[in-house]
Structures are given as structure tokens and as C-alpha cells.
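If you want the building blocks of each chain, they are given just below.
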Amino acid sequence: MKFIPQHDQMDCGPACLAMVASKYKKKYPLDYLREISFISREGVSLLGISEASKKIGFDTFSAKLTTQELFEQKKLFPCILHWNQNHFVVLKKITKDWYSDSFYYHIADPSHGIIKLSEKDFKKSWISEENQGIGLFLNPNEEFYSIVPPKQAEIKLREILGYLKPYKKRISILVVLLLLGSGVSLIFPFLTQTLIDKGVNGKDFNVITLILLAQLSLYIGNITIDIIRNRIMLYIGTNVSIAIISDFLSKVLKLPLKFFDTKMKGDFNQRIQDNERIEGFLTSQSLITFFSMITFLVFFGVLWTYNVGIMLTYTFLTVISLMWSIYWLKKRKSLDYFRFQQRGENQESIYEIINGVTEMKINHFEEFKRKEWEKIQHRLFKINIRILKIDQLQLSGFEFLNQIKNILVTFIAATLVVKDTISLGQLLAVSFIIGQLNSPINQLVTFFRSLQDAKLSLSRLNEVQNHPEEEQEELKPLNIKSGYLSNGTLKGIKLDNISFQYEGPKSPFVLKDIKLSIPEGKVTAVVGASGSGKTTLMKLLLRFYDPSNGIITYNGDDILTLSPKSIRENCGVVMQDGYIFSDTIERNIATGDENIDREKLDHAVKVANIESFIESLPLGYNTKIGAAGNGISGGQKQRILIARAVYKNPHYIFFDEATSALDAENEKIIHDNLQSFFKGKTVLIIAHRLSTVKNADQIIVLKHGEIVEQGNHQELVALKNEYYNLVKNQLELGS
């Protein structure tokens, strides 16, 4: 079984499944397993892993077992275990120490590596209740062997170097500078030999002076070359970094909302920070290593002319030292994933502390969260120690072999001087050449490590490239022309037997068998208790998600054939958790409209009844408000969001608790202002307050994801059922 580390914080389940599949010689990409496991931001469930296992050809069964019962199932190992109540690991095997008669459990933890635990330590992490733990057992069936796993695109060196294409001229200058630097270095051993043999041994001060002045000039030339080279590298490096992150963000912003449901902020931020490793590889390691190798070959040729025996000894020990370094690089690869994951958790923890500082202070939560952050630091420290150990083993062994090589070569050269085979000047020249040869070899080892880091970082950035974009060429724009359809029926939005589940076919239904017509040009209200599926219904209409079953049509067109961008362009939306950007008030209202229409802006502000608040600010519309609405009240935030929707002047209006944070006076003013704005538009309002919904043309009552009542205010009140119970405590019921 091949060990496969998890890439993100929530990837443990798919990584475990990939490991079990590798036992049977099948290699599945984590991206694919993540998709079919119905992973969410909370992670993946045992049910999700089981469903994914069946899809790739495993027969599965899960059970609660004691350690004895687990041991009895050893023929079905490897199996997947639920670990520490929040994680999944693979149990590879159980071995017995015949000397102590103790059992040891060999665990593949995708967030840590291969570990061997005593029965006592194993039980601490696996046993959940009643001295039992949960295990998922997988057995490949005939279908498993016939299914061909999807191929994972490998990151090639050519793809990484592609980022350097736009800078060919500057790279050409770098090439010339590096060649000059290599040429200058090549002259030094000959100057050293001449200095000793003709200057010192010949007692010629003119030669000594001339050679020392030549060396000084060459050093000054090298410094000048380095200054120019570093400036060019800074320019190329900065632009390459921008290109890498821009490509990543460009792709990410084209992905469906479902993709973001499985990712944590820390994971995204850590991916973006990873670009520094790619930039370092492209701008320094690749070019310097290339010319170091040229220098190496030149000096290698010179060494050959001095003595073949010295050259062969040097070559043999160099090959051994390189093989040693490459061996440890493979060990280091998995640890890089672990470090990435812990750094992502660290970023997430810091975001939570900063964003939740008010609630933490209110609820005396600071100490607990600080200790949580400390635990993450300790885990990160342990991983860094493991990486340091590997680096030290690699570098110490490499340096040790290098020193043996240097000593042997010096010994051979000194012996040849004693035997008068070569001169003292040639000995010093050989020593200089060996020193110069060691630098490219060190650079080559650094290059291999940098290449590994760059490929890992780019593969993490490129994970998004495998996800299909929302916008596809075959999708058509939304038709919003008013009137009737060709078959004579009135236009509008229709939902026919719509059902939806967030986590796969066996997860709970959030919406079930919804049959609903939202007439063109009318106001439809949706009410229901929290968790009844109201917001999910709106997200389906905006095509943030596709329904699990059923059909949604806009004016007779199946929503799956329509461009999501086109739908949203024609919708003015206020979500329950609407976002205020760190920008000016006018930009928060006009958003993507580059040239702001002042007339539309003023109208939107009046409808949202936020004019007096903006006028009271010293900078008015140009006042900058903080990210997520920091610095403004909940009511002011909602009014800006309403103004944003009104500014678009869209065909469809979707409001989800758009006035829940407003006082009664402001709500009444905005409600009255919106009535004229709603004319000729198709409106869907989700709300609890009766004042918001009682004038709607139709009211839909949702309960546990199903429509239980439908009608207008008077009809539903007369029924004295669900709607009546929802609003009976509100004062306006008797009006």
C-alpha cells in the first residue's frame, strides 16, 4: 500500500480511500475522490467515503467493533478507521511482539505519516463509546478491476518554465551576464598557477603585481555582473509571481460555489503564499543551476587535462553524494504536505481570532482559542523538526562525502607534486578547481529541492484547473422579454418536483418534491421556520447549486441550459449573509459598474432610505467602510445591500431576510419605497416578519424542506394552521 498524504485540511477521507485503492494497484486522483465523497467544509462523513468506495468498485460494510473483533477482521485489512472523533486513518496491519506478547497497530495517518502504536495508545484515539470504535472495511469486486481511474495531470518542468516566456529579452541579458561570470571564474585557476609557478617560484614581482591586479579587476567585474543580474531577477520574479497568482485567482473565480464549500480560508491563503517557492525556482534556481552546470563542465574538462585519476575519483564520490541527496528528497515530499496543512490551519485559527475577537471577549473565549492556536504551533513545530531531521541527514551526509572527496583529491594531487608529476602551481590550481566544482554540485542539490517544492506548490495551485468552470460555451443567456410563451402560458419561474441534498444521495433532503410557480411580474413570499430550506431554495434559483432531482425553468428554459452568469446579471439579490467590501460606499453599491451612474446611485440610496446616513459622513459616498461591514451597524449594512440590488435595476428580485436588522420605522419606509420599484419585476422574498410578506401575491410555507401551505395572507390566516402559527404573535395579524 502506498502512503498518500492529504492535501487540504478536509481531505483525510479521500486520502484514506486512495491508499486502500493503491493496495490493489489502482491510482485514483484525490480531486476525483474528493468529488465523489461529497466532501464539505466540515469534512467527509463515513457514509460519503462508503458511497465513493462503491462507485470505484468496492464492496463495503461499516461496523462498531471492539479491538478483539477488529483483530478478527485482519483478512480485510487495510481498512479505514474513524479517529479521534474528527479524522480518518488507514489501519495497515496488526503485529504481535512475541517477546512482550503485546500487539502493535500500524496506522497510515494522511495528516502525519506512518505510525506504530501500542494497543493502549491505539484505543485512546479509536475507541469512541462502549469500548468500541468505528471501522469501514473495503473489498474489491469484479467491477473494481474493470474501472479505469481518471488520470491526474502531472506537473511538468516545461509548464513551470512557461511562465518565463514573456521575459525572453531579459533572460537573454541574464544568459550573457552568467556566461561572463562563468568565463571570469574560469580564468582564476590559470592565474593562480601562473602566480605560483612564474611569479613566486620565478621571483618576478612584475608578474605577481600584474596577476594580482588582474584578479582585482575580475572581482570588480563579478560584483558589477551580480548587481545587474539581481535587478533583472527582481523584475522577472515579481512579474512571474503576479502571473502565477493571477492565473490561480482567475480560475478560482470561475468555479461554482460548491467548490468553495470544501475549502477553508487558510488553505487558499497558504496556496497563494506558496507562489514564493515557484518564483524562487524560476528566477534564481533554474538559471543559476543551468550556468553552474556549464561552469561545472568547463572546470571538469580542465581537471581532466590535469589528471585523469583525480577526475575519476572526484566523479565517483560526486555521484554517491548526489544519490544520497535524492534519496532523502523523496522522504521529504510527504512532510511538505503535512506542513502545508498545518500552516493552513494556523492561518484559519488567526482569521478566527481576529474576526471573532468581540464574541471571544463577551464569552471569555480568548484563553481557549489562544491555547488551540498554541496546539497548532506545537504540531507545526513537530513537523518542522521532522523536516529538519531529514534536511540534516541529507546535508550532513552530503557534506561528509564532499569532505572525503576533497581530502582524497588533495592527497592524490599532493602525492603527484612530491613525485614531481605536477607542479605546486598546478596543485593550487587543482584545489581551486575542486572548490569551484563543489559549488555547482551544491547548487544542483538545492535545485532538486527547489524543483520538488515548486512542483508541489504548483500542483496545489493547479488543483483548481481540474475543476469544470461554471460558464460553458453551450449555455445560453436568460431570456427576460415580458409577455407569454409560445404555448400561450404566462412567463415565470417554475420548480417541478425539486429535491436537493448537500452531501450525496443518502444524505438528508434539504428540499423535497417542491412544486412551485413564481409568476412573472408578481411578488412571491416564502416563509418557514429556520432550517426549512428557504435560503437553499434561493441558491438553487441563482444556480449556485444544481438540484438533485427535478427541473427548474426560467420562462420555459431548463436552468441547466442557462448561463449562471446571465441569470445573476438579471437578478438583484440580498442574501442573509450579504458581504460588504472594504471599499467606498458608492463602490459597494455600484460594485462592478466601472463608470458609476449618479442618477441610478441616488435613486438606489433613496429607495434604501440610507441617504441621510451617507450625507452625515464627512466624505459622503467616498467614505470607506471596512471588510465585511466593519464600522457600520447591521441595519446600515442591510440598507447598503438593498441599495446595491436596486442600483442593478434587475428583472428578478431575490430578498433573503433583507430587512431583518432594521427597526420598524426604517422597515416601513423601505417597504413602501420598494413597492413602486417592484412593479413589472418578478420578486421572491424570504422573511419572517408579517409586514414584509402580507401584501405578497402568493405566500409559500416551507416546513422540513416541503411546501405545506400556499396562498395569500387572508387565505392562509383563515386556515389557522402553519402560517397562522408562524405569525400569530405579531401585532399586525388582526389588521
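Residues numbered from 1 in each chain as written. Predicted model: local features only at pLDDT ≥ 70, side-chain atom pairs only at ≥ 80, totals over all residues. Heavy atoms only, no water.

The protein chain has the name Peptidase domain-containing ABC transporter in an unreviewed UniProt entry, where Paenimyroides tangerinum is given as its organism. Its UniProt record, at the heading Subcellular location (unreviewed entry), says of the protein chain: "Cell membrane". (UniProt positions renumbered as here; feature names shortened; annotations may be inferred.)

Asks: Explain the nonpolar core residue by residue, including any values.
Replies: Grouped together as the largest cluster of nonpolar side chains are 47 residues, with contacts concentrated most on Ile589, Ile642, Phe655, Leu674, Phe678 and Tyr723. Counting residues per element, this core draws most heavily on helix α22 (residues 634-648), which supplies seven residues. Once you skip the residues sitting within four places of it in the chain, Ile589 turns out to touch Leu601, Ala604, Val605, Ile640, Ala643, Arg644 and Tyr647. (Core = buried A, V, L, I, M, F, W, Y, C linked by side-chain atoms within 4.5 Å. Buried < 20%, exposed > 50% of the residue type's maximum accessible area, 1.4 Å probe, protein only. Helix = DSSP H or I, 4+ residues; strand = E, 2+ residues; numbered from the N terminus. Contact = heavy atoms within 4.5 Å.)

Asks: Could you give an account of the pattern of salt bridges, with specific residues and numbers?
Replies: Taken as a whole and assessed by the stated rule, the structure comprises 14 salt bridges. For Arg34, the salt bridge identified is with Asp11, shortest N-O distance 2.6 Å. Here Arg34 is found in helix α2 (residues 30-36), whereas its partner Asp11 is found in the segment before α1 (12-23), with 23 residues between them in sequence. Overall, the relative accessible area of 2% leaves Asp11 in the buried class. Salt-bridge contacts for Lys369 lead to Glu372; the nearest nitrogen and oxygen are separated by 3.1 Å. Of this pair, Lys369 and Glu372 both sit in helix α15 (residues 366-418), three residues apart, which is roughly one turn of the helix. (Salt bridge = Lys/Arg side-chain N within 4 Å of Asp/Glu carboxyl O.)

Asks: I'd like a description of the domain arrangement of the protein chain, backed by residues and values.
Replies: Considered domain by domain, the protein chain is made up of domain 1 (11-146), domain 2 (157-466) and domain 3 (492-734). Computed over C-alpha atoms only, the centres of domain 2 and domain 3 are separated by 55 Å. (Domains from an automatic or database assignment.)

Asks: Outline helix α17 (residues 534-541), listing residues and values.
Replies: Summarising burial for α17: seven of the eight residues are buried, a large majority. Within the sequence span of α17, burial applies to Lys534, Thr536, Leu537, Met538, Lys539, Leu540 and Leu541. Phi for Arg543, located one or two positions after α17, is positive at around 60°.

Asks: Describe a nonpolar patch on the surface, naming the residues involved and giving the relevant values.
Replies: A cluster of nonpolar residues, Leu213, Leu216 and Ile220, forms a patch on the protein surface that exposes about 290 Å² of accessible area. By secondary structure assignment, the location of Leu216 is in helix α9 (residues 205-252). (Patch = residues over 30% accessible without salt bridge, like charges linked within 9 Å, V, L, I, M, F, W, Y side chains within 5 Å. Areas by Shrake-Rupley, 256 points an atom, 1.4 Å probe, with all protein chains shown as cover.)

Asks: For the packing of aromatic side chains, give the residues involved together with the corresponding values.
Replies: Per the counting criterion, the structure on display carries 22 aromatic pairs. Judged by centre distance (6.4 Å) and plane angle (35°), the ring pair of Tyr652 and Phe654 falls under tilted. As far as burial versus exposure is concerned, Tyr652 and Phe654 are alike and both buried. Every member of this aromatic cluster is reached through a ring pair, and the members are Tyr24, Phe58, Phe144 and Tyr145. Geometry around Tyr235 places Arg170 over its ring, the cationic atom sitting 3.8 Å from the centre. Above the ring of Tyr647, the side-chain terminus of Lys600 is found at 4.6 Å from the ring centroid. (Phe/Tyr/Trp six-rings, centres within 6.5 Å; stacked < 30°, edge-to-face > 60°. Lys NZ or Arg CZ within 6 Å of the ring centre and 35° of its normal.)

Asks: A description of the sheet that holds strand β16 (residues 682-686) should follow, citing residues and the corresponding values.
Replies: On the basis of which strands lie adjacent, the open sheet formed by six strands has the order β12-β15-β16-β9-β17-β18 and mixed pairing. Each having just a single partner strand, β12 (571-574) and β18 (706-711) make up the two edges of the open sheet. Between one strand axis and the next, the sheet turns through 15° on average, direction left out of account. Relative to β18, strand β17 (residues 698-703) runs antiparallel, the two being bridged by five bridges. The partner of Ile699 across the bridge, within β18, is Gly711. (Pairing = 2+ DSSP bridges. Axes fitted to C-alpha atoms, helices over the stretch in contact; angles between N-to-C directions.)

Asks: Account for the sheet that holds strand β5 (residues 113-118), with residues named and values stated.
Replies: With antiparallel pairing, six strands are arranged side by side in an open sheet as β1-β6-β2-β3-β4-β5. The open sheet has two edge strands, β1 (58-65) and β5, and neither has a second partner. Taken pair by pair, the neighbouring strands of this sheet meet at an average axis angle of 30°, ignoring direction. Set on the sheet, α1 makes contact with β1, β2 (79-83), β3 (87-97), β4 (102-109) and β6 (133-140); between it and β3 the angle comes to about 45°.

Asks: Tell me about the environment of Pro519, and name the residues and values.
Replies: Checked against the element boundaries, Pro519 lands in strand β8 (residues 511-519). Taking relative accessible area as the criterion, Pro519 reaches 22% and is therefore assigned partly exposed. Taking the C-alpha atoms as reference, Pro519 lies 8.3 Å from Lys494; in sequence the two are 25 residues apart. Sequence-distant contacts of Pro519, that is, excluding residues within four places in its chain, are made with Lys491, Gly492, Thr524, Thr682 and Gln698.

Asks: I'd like a description of the environment of Gly634, backed by residues and values.
Replies: With respect to the helices, strands and loops of the structure, Gly634 is situated in helix α22. Given the relative accessible area of 42%, Gly634 is considered partly exposed. Taking the C-alpha atoms as reference, Gly634 lies 7.7 Å from Leu662; in sequence the two are 28 residues apart.

Asks: Can you tell me about the side chain of Asn141, naming the residues and giving the values?
Replies: Relative to the assigned elements, Asn141 resides in the loop between β6 and α6 (142-146). Here the side chain of Asn141 touches Glu143 through a polar contact of 3.1 Å, landing on its backbone nitrogen. Setting aside its immediate chain neighbours within four residues, Asn141 contacts Gly57, Phe58 and Asp59. (Polar contact = N/O pair within 3.5 Å; in protein donor to acceptor, adjacent residues only side chain to side chain.)

Asks: Lay out unusual backbone geometry with the relevant residues and their values.
Replies: In this chain, Phe77 is followed by Pro78 through a cis amide linkage whose omega measures 0°. Among the secondary structure elements, Pro78 is positioned in the loop between α4 (67-72) and β2. With a phi close to 50°, Glu657 is a non-glycine residue in the positive phi region. Considering the arrangement of structural elements, one finds Glu657 in the loop between β15 (652-656) and α23 (664-678). Overall, Glu657 belongs to the buried group, its relative accessible area being 9%.

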